[in-house]
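Okay, here's what each chain looks like letter by letter:
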Amino acid sequence: MPRVSGWAEAKQCMPVAAGMPVELGKSDIPALVALERLCFSVPWSAKQYETVIGNEPFHLFGIREGQELVGYLTLFAAAWEMEILNIAVHPSWRRQGHGQRMLSHVLHLCRKMGIKRGYLEVRRSNIPAQGLYTAFGFEEVGVRRRYYPDNREDAIIMRLDLETAPSRTD
């Protein structure tokens, strides 16, 4: 796969179809904050989103069903590495492949840009998310003890080698 120089060029190579991830912006902050509150015990605030949206290396993709934002994925990507910050899907829309589509989309863009490694942290108790990440080739590489501020739960650190992991297109 030829390497492209940036996110804008990589995104131009991706088809836009219904139910596929699209880049989100500042106008999406109210919907993002509402979804954050449904999905996370320590949600991001509107001010946090206002601070990072539009600034490199932060990127934000979402899926809409009609006008409703049903899921999003946030990440930092710089040089040869990226870190997934959050993947969230509205509780009413879970188990329908939205998380898989967002993750597949972002990993495809990362590969096109020549990003070699991806990281994320996931709650030890979040078995469904761990299953999703493992299915894409992420592997456990460490633990952050008592990482989450709401209940002091451990975070599992996972890594993906984008050069050797098989590419999924679902």
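This section reports on the structure supplied with the text.

Cut-off values and rules
Residues numbered from 1 in each chain as written. Predicted model: local features only at pLDDT ≥ 70, side-chain atom pairs only at ≥ 80, totals over all residues. Heavy atoms only, no water. Helix = DSSP H or I, 4+ residues; strand = E, 2+ residues; numbered from the N terminus. Buried < 20%, exposed > 50% of the residue type's maximum accessible area, 1.4 Å probe, protein only. Pairing = 2+ DSSP bridges. Contact = heavy atoms within 4.5 Å. Axes fitted to C-alpha atoms, helices over the stretch in contact; angles between N-to-C directions. Phe/Tyr/Trp six-rings, centres within 6.5 Å; stacked < 30°, edge-to-face > 60°. Lys NZ or Arg CZ within 6 Å of the ring centre and 35° of its normal. Right-handed = clockwise from strand over helix to strand, strands pointing away.

Right, let's talk about the environment of lysine 47 for a bit. Of note, lysine 47 is situated in helix α3 (residues 46–52). On the basis of relative accessible area, lysine 47 is assigned to the exposed category, the value being 62%. Through-space distance from the C-alpha of lysine 47 to that of valine 33 is 9.8 Å; in sequence the pair is 14 residues apart.

Our next topic: the sheet that holds strand β4 (residues 81–89). Across a sheet, paired strands are connected by hydrogen bonds in the backbone, their directions being either parallel or antiparallel. Strands sit in the order β1-β2-β3-β4-β5-β7-β6 across an open sheet of seven strands; the sheet is mixed. Edge strands, defined here as strands with exactly one partner in the open sheet, are β1 (22–23) and β6 (139–144). Where strand β5 (residues 117–123) meets strand β7 (residues 155–161), seven bridges bridge the pair, whose relative direction is antiparallel. Bridging across to β7, glycine 118 finds its partner in leucine 160. Its contacts with the sheet put helix α4 (residues 98–112) on β2 (58–65), β3 (68–78), β4 and β7, and the angle it makes with β4 is roughly 160°. Contacts from helix α5 (residues 127–135) reach β4, β5 and β7 within the one sheet, and its direction differs from that of β5 by about 165°.

Taken across its eight residues, β2 has six buried, putting it largely inside the fold. Where β1 lies against β2, two bridges are found, and the strand directions are antiparallel. Note that in β2 the partner of valine 22 across the bridge is glycine 62. Bridging between β2 and β3 involves eight bridges; their strand directions are antiparallel. Paired with histidine 59 across the strands is leucine 75, a residue of β3. Where β2 hands over to β3, the hairpin turn is made up of two residues, of which glycine 66 adopts a positive phi near 65°.

Moving on to the packing of aromatic side chains. Under the defined criterion, the tally for this structure stands at five aromatic pairs. With a centroid separation of 5.9 Å and 70° between ring planes, the pair formed by phenylalanine 58 and phenylalanine 76 is classed as edge-to-face. Note that phenylalanine 58 is positioned in strand β2 and phenylalanine 76 in strand β3, a separation of 18 residues in sequence. An aromatic cluster of at least three residues, connected via ring pairs, comprises Trp44, Tyr49, Phe58 and Phe76. Taking NZ or CZ as reference, arginine 123 lies 4.1 Å from the ring centre of tyrosine 148, over its face.

Our focus in this paragraph is unusual backbone geometry. Following glutamate 56, the chain continues to proline 57 via a peptide bond in cis, the omega torsion being 10°. One can find proline 57 in the loop between α3 and β2. Its identity as a non-glycine residue notwithstanding, arginine 146 has a phi of 50°, on the positive side. Considering the arrangement of structural elements, one finds arginine 146 in the loop between β6 and β7.

So, on to the pairing of β5. Along β5, five of the seven residues are buried, which leaves the element largely enclosed by surrounding structure. Pairing analysis gives three bridges linking β4 to β5, with the strands arranged parallel. Within the sheet, the bridge partner assigned to methionine 82 lies in β5 and is glycine 118. For the crossover from β4 across α4 to β5, the handedness is right-handed.

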